[in-house]
Amino acid sequence: MTIQTLLFENECRKHLSNRVYWFIVLFPCTWVLLAFFSMLSMPLSDFRQIVSLTSGDFNPSHFYQNSLKTPMRFLLTIYYVALVIYVVDVEHSGNTWKYLFTLPIKPKDIIWAKFFFLIVSVLFSFVLFNIFFIISQALLEHYRSDFGYERYPNNAWIVTIMIIKIYFTSFFNIICILLLTLRLQDYGLVFLIAILVHFVPIPPYNPFNLYFTALGKQHFLLKQQGIENFNIIYLFDFKELLILCAFLIPYLITSFYSHYLIKS
Amino acid sequence: MLEFKDVNYQIRQKTILKNINISIEKGNIYALLGTNGAGKTTLIKLIFGLLRPQSGKILFEGSSYVYNKIEVLRKIGSLIEHASLYGHLSAFENIEQARRIYGTEKSETYRLLEIVGLKDVMQQKTKRFSLGMKQRLGIALAMIGKPKLVVLDEPTNGLDPQGITELRNLILHLNQTEGTTFLIASHHLQEMEKIATNVIFIERGQIIHQEKLDKTLPINLEALYNQIIINL
């Protein structure tokens, strides 16, 4: 067994027994549950009103799929940041970085093992997300027949391909976030940068900047799919956006201030 | 065993270590003594190859770090300040993490847990351990690769008197039964005079004194230190 395999095995043993890891990996799936329950409890009149105000596409499958895929990149950014910070922080909180670097292994092998573990975790959460999505779609078709599912085609595979693309083009983000976390060792600042990078993908992108290139690639793929305004506001209704801001803004302000207070 | 030959280390023109010449002999317990900021931790980082000296040589059993760092590190164990443990894992799982890297037998984990007196609680999560228990587990972690030299950096920091006594007895036991050489960096002179066979005093990045202690005579490291400082 090579040292890389051993380190990867160690990473798995280390994290799979931690509840925090499962909480983070299941985070993207909570969005499916949220969308599913809001769709399940939505009155038919509200559904028609929202559809006519936004896309005008009355296909309930599309409405449900859009409500998942539109905030996907933003949610994945949060997910990646949380996952990377967790994987790095496990070593910081236990003072184990120092010990790891005194072991007879190359430091680059330690970082590669962590990176592969992150990739596997992303793949794992992707599989879980799709299982949740397919089951919830089937349940909706069964329980909300009043939306008129039988009249419209259900192109669930399209959204699955879209989610695959979003997941995989975001691998660059993981590398960037991992490097940022290791370099800065300030989780609040890393979160802040990742969120800012998410909100600043305005063309023209800087081709020399990996982070922006990754985001540019996502934008290009989404344009090919016919999505012009891939923005958080695209399908969120105002109330949801407010709720999200209520959670995010205090966190961002706290992170920002804590960073500068610590530095000063 | 471990030799520093005219080692110099500096950061941005500032000299941190100057002309360090040390020779660590097998089977002894060395106390590396000095005030905070004297250069003890930098010296330890050099031992583990975490820093590279600008000039001079560091040799382990005659071979240089530059060419076979991994092989050298295989023979050196470490406990740097507080034990490096994953709180959500048990004592057993923590040692297993390191054992797999060293490729030693699984029985070695049980043996070390027995030696450090933690076999009965080996399935408990280490976040529930007292600081003394954590430090003993840290010693077990340092010993997992059957090292020839174990480097401890301020191992008694934060320990209560009982914890210090337990740790002291454990170091003496391992030194006598396994023949392990210890290099302990500390500023607790009274504690070190109870276990050290050799002392190395370091101040402002320079070795100011080193000697082999005569254990048949009463030792007062504080008096010795004060005398050296006056003569400087």
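Residues numbered from 1 in each chain as written. Chains lettered and ligands numbered in written order. Predicted model: local features only at pLDDT ≥ 70, side-chain atom pairs only at ≥ 80, totals over all residues. Heavy atoms only, no water.

(A) Inspection of the sheet that holds strand E7 (residues 149-153) of chain B at higher detail. All names here are of chain B. Strand order in this open sheet of 6 strands is E6-E7-E8-E3-E9-E10, and the pairing throughout is mixed. With partners counted over all chains shown, the strands left at the sheet margins are strand E6 (76-80) and strand E10 (206-212), one partner each. Within the sheet, the average angular offset between the axes of one strand and its neighbour, ignoring direction, is 15°. With 6 bridges connecting them, strand E9 (residues 198-203) and E10 associate as antiparallel partners. Pairing of Glu203 across the sheet is with Gln206, part of E10. Strands in contact with helix H5 (residues 131-143) are E6 and E7; relative to E6, the strand with the most contacts, it is inclined by about 160°. (Pairing = 2+ DSSP bridges. Helix = DSSP H or I, 4+ residues; strand = E, 2+ residues; numbered from the N terminus. Axes fitted to C-alpha atoms, helices over the stretch in contact; angles between N-to-C directions. Contact = heavy atoms within 4.5 Å.)

(B) Spatial organisation of the pairing of strand E2 (residues 14-24) of chain B. All names here are of chain B. Sheet topology places strand E1 (residues 2-11) next to E2; 7 bridges connect them, and they run antiparallel. Its bridge partner lying in E2, Gln10 is registered against Thr15. Connecting the antiparallel pair E1 and E2 is a turn made up of 2 residues, with Arg12 showing a positive phi of about 45°.

(C) How the structure looks around helix H6 (residues 161-177) of chain B. Residue and element names in this part refer to chain B. Relative to the 24 Å expected for 17 residues at 1.5 Å per residue, H6 spans 24 Å between its end C-alpha atoms, a close match to the ideal helical length. Of all the residues in H6, the buried ones are Gly163, Ile164, Leu167, Arg168, Leu170, Ile171, Leu174 and Asn175. Seen end-on, H6 carries its buried residues on one side only, within an arc spanning 160°. Summarising the geometry of H6, the exposed residues directed more than 90 degrees from the buried face are Pro161, Gln162 and Gln176. Among the residues trailing H6, Gly179 stands out with phi positive, at a value near 70°. (Expected span 1.5 Å × (residues − 1). Buried < 20%, exposed > 50% of the residue type's maximum accessible area, 1.4 Å probe, protein only. Arc of directions from axis to C-beta.)

(D) The arrangement of the interface of chain A and chain B in detail. Taken together, the contact pairs 23 residues of chain A with 22 residues of chain B. Between chain A and chain B, a total of about 2,200 Å² is buried, with carbon and sulfur atoms accounting for 59% of that surface. Interface area lost by chain A to chain B is led by Tyr99, Thr102 and Pro104 of chain A, which between them contribute 32%. Joining chain A to chain B, the criterion identifies 0 salt bridges. At the boundary of chain A with chain B, the tally comes to 10 residue pairs in polar contact (both at pLDDT 80 or more). When contributions to the side of chain A that touches chain B are tallied by element, the ones reaching two or more residues are helix H1 (3-16), helix H6 (72-93) and helix H7 (96-102) of chain A. The residue makeup of the side of chain A that touches chain B, split by class, is 10 nonpolar, 7 polar and 6 charged. (Buried area = accessible area lost by both parts, 1.4 Å probe. Salt bridge = Lys/Arg side-chain N within 4 Å of Asp/Glu carboxyl O. Polar contact = N/O pair within 3.5 Å; in protein donor to acceptor, adjacent residues only side chain to side chain. Nonpolar A, V, L, I, M, F, W, Y, C, P; charged D, E, K, R; others polar.)

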